[in-house]
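Descriptive structure summary
One letter stands for each residue in the lines below.
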Amino acid sequence: MSERYGNRRVSKMYAQINELRKAIRAEGSPAIQDAWDKVEEHIDFAYGRTAQREA
């Protein structure tokens, strides 16, 4: 049984977050990367679990 947030699977949400992270690192301006760094630390708390990140 997979974890869910409403009708969404948490694993799919984290996969989309990882895609966004990769795009920001690859193509984001320094200002966008800095903004992401500030927000990213709150994602795990908002979803109520530890992130499973790709290296």
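Residues numbered from 1 in each chain as written. Predicted model: local features only at pLDDT ≥ 70, side-chain atom pairs only at ≥ 80, totals over all residues. Heavy atoms only, no water.

What about the environment of Ile 24?
Examined against the element boundaries, Ile 24 turns out to sit in helix α1 (residues 10-27). Spatially, the C-alpha atom of Ile 24 lies 7.8 Å from that of Trp 36, the residues being 12 residues apart in sequence. Contact partners of Ile 24, with chain neighbours within four places excluded, come to Ile 32, Gln 33 and Trp 36. (Helix = DSSP H or I, 4+ residues; strand = E, 2+ residues; numbered from the N terminus. Contact = heavy atoms within 4.5 Å.)

A few points about the packing of α1 against helix α2 (residues 30-47)
Working note: a packed helix pair is described by the angle between its axes plus the distance between those axes. Two elements in contact, α1 and α2, have axes separated by 11 Å at closest approach and are oriented at 165 degrees. Judged by the inter-axis angle, α1 sits roughly antiparallel to α2. As α1 packs across α2, the resulting crossing turns out to be left-handed. Residues Met 13, Tyr 14, Ile 17, Leu 20, Arg 21, Ile 24 and Arg 25 of α1 lie in contact with α2, whose contacting residues are Ile 32, Gln 33, Trp 36, Asp 37, Glu 40, Ile 43, Asp 44 and Tyr 47. (Axes fitted to C-alpha atoms, helices over the stretch in contact; angles between N-to-C directions. Parallel < 35°, antiparallel > 145°, perpendicular 65-115°, else oblique. Left-handed = near helix turned anticlockwise from the far one by under 90°.)

So, the pattern of salt bridges
In the structure shown here, the tally under the stated rule is two salt bridges. With a closest N to O distance of 2.3 Å, Arg 21 and Glu 40 form a salt bridge. Taken as a pair, Arg 21 in helix α1 and Glu 40 in helix α2 lie far apart in primary sequence, 19 residues in all. The shortest N-O distance in the salt bridge between Asp 37 and Arg 25 comes to 2.2 Å. In this pair, Asp 37 sits in helix α2 while Arg 25 sits in helix α1, placing the two residues 12 residues apart along the sequence. By relative accessible area, Asp 37 is classed as partly exposed at 36%. Its relative accessible area of 37% is what places Arg 25 among the partly exposed residues. (Salt bridge = Lys/Arg side-chain N within 4 Å of Asp/Glu carboxyl O. Buried < 20%, exposed > 50% of the residue type's maximum accessible area, 1.4 Å probe, protein only.)

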